[in-house]
Amino acid sequence: MNRILAMGLFLGATLLSGAVHAQPTQANAMMLAQANDRCMTTYAVRMTKTDAADDAIFAAATEGCKNLKSQLFSAIDKEYPADQASGLKSQLDAAEKPNFIKLLQKIRTDRLQRAGN
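Quick look at the structure, then.

The next point concerns the overall build of the protein chain. In terms of helices and strands, the protein chain carries 5 helices and 0 strands. Counting helices and strands in the order they occur from the N terminus, the protein chain gives α-α-α-α-α. Within the protein chain, the fraction of its 117 residues that count as buried is 21%. Here the analysis covers contacts within the protein chain between residues at least 6 apart in sequence; of these, 68% occur between residues at least 24 apart. Carbon and sulfur atoms provide 60% of the accessible area of the protein chain, an area that totals close to 8,600 Å².

Attention shifts here to the nonpolar core. Counting residues in each nonpolar core, the largest one holds 12 residues, listed as Cys39, Met40, Ala44, Met47, Ile57, Phe58, Ala61, Cys65, Phe100, Ile101, Leu104 and Ile107. Among the elements of the structure, helix 2 (29–47), helix 3 (54–64) and helix 5 (82–116) are those that each provide at least two residues to this core. The contacts of Ile107, once residues within four sequence positions are left out, are Ala44, Val45 and Thr48. Grouped together as the second largest cluster of nonpolar side chains are 7 residues, Ala29, Phe73, Ala75 and Ile76 included.

Scanning the entire structure with this criterion turns up 1 disulfide. Disulfide partner of Cys39: Cys65, at an S-S distance of 2.0 Å. On the sign convention where negative means left-handed, the S-S torsion of about -95° between Cys39 and Cys65 marks this disulfide as left-handed. In this pair, Cys39 is assigned in helix 2 and Cys65 in the loop between helix 3 and helix 4 (66–79), connecting sequence segments 26 residues apart.

Let's shift gears to the pattern of salt bridges. This model, assessed by the stated rule, comprises 7 salt bridges. The residue Asp54 makes a salt bridge to Arg108 at a minimum N-O spacing of 2.7 Å. In this pair, Asp54 is assigned in helix 3 and Arg108 in helix 5, connecting sequence segments 54 residues apart. On the basis of relative accessibility, which here comes to 24%, the residue Asp54 falls in the partly exposed class. For Arg108, a relative accessible area of 27% puts it in the partly exposed group. Between Asp77 and Lys89 there is a salt bridge, with its nearest N and O atoms 2.7 Å apart. Of the two residues, Asp77 sits in helix 4 while Lys89 sits in helix 5, which places them 12 residues apart along the sequence. By sharing partners, the salt bridges in this structure join Lys69, Asp93 and Glu96 into a single network.

Another point: the packing of helix 2 against helix 5. Closest axis-to-axis distance for the helix 2/helix 5 pair is 10 Å, and the angle between their directions is 45°. The orientation of helix 2 with respect to helix 5, classified from their angle, is oblique. Both helix 2 and helix 5 take part in a crossing whose hand is right-handed. Between helix 2 and helix 5, the contacting residues are Met40, Thr41, Ala44 and Val45 on the first element and Glu96, Phe100, Leu103, Leu104, Ile107 and Arg111 on the second.

So, how was this worked out
Residues numbered from 1 in each chain as written. Predicted model: local features only at pLDDT ≥ 70, side-chain atom pairs only at ≥ 80, totals over all residues. Heavy atoms only, no water. Helix = DSSP H or I, 4+ residues; strand = E, 2+ residues; numbered from the N terminus. Buried < 20%, exposed > 50% of the residue type's maximum accessible area, 1.4 Å probe, protein only. Contact = heavy atoms within 4.5 Å. Areas by Shrake-Rupley, 256 points an atom, 1.4 Å probe, with all protein chains shown as cover. Core = buried A, V, L, I, M, F, W, Y, C linked by side-chain atoms within 4.5 Å. Disulfide = S-S within 2.5 Å. Salt bridge = Lys/Arg side-chain N within 4 Å of Asp/Glu carboxyl O. Axes fitted to C-alpha atoms, helices over the stretch in contact; angles between N-to-C directions. Parallel < 35°, antiparallel > 145°, perpendicular 65-115°, else oblique. Left-handed = near helix turned anticlockwise from the far one by under 90°.

Encoded structure:
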């Protein structure tokens, strides 16, 4: 009896596990926006330790994170009506570089303050 129960539990767990793995979760626009921000921030933090110019850091981050941005824009297209999606993507594009440059400045300022303490 215990053997049959154990076999049933194993089979049930295997089927459940297979069902869970068969349906991967697709990231939504908010999750992808956060992932893209983390990607860009990672480049900012790492590259501000070098003597690279702000434009070069931005270019490297943009190139390194382009796959996430592409996924983000695709998710926006799926989740929002066309006119709203277009507006959101335009806003993101327009704010991307100015926000990144501000981030670089903040990182450098924070480093200087920590070095002074």
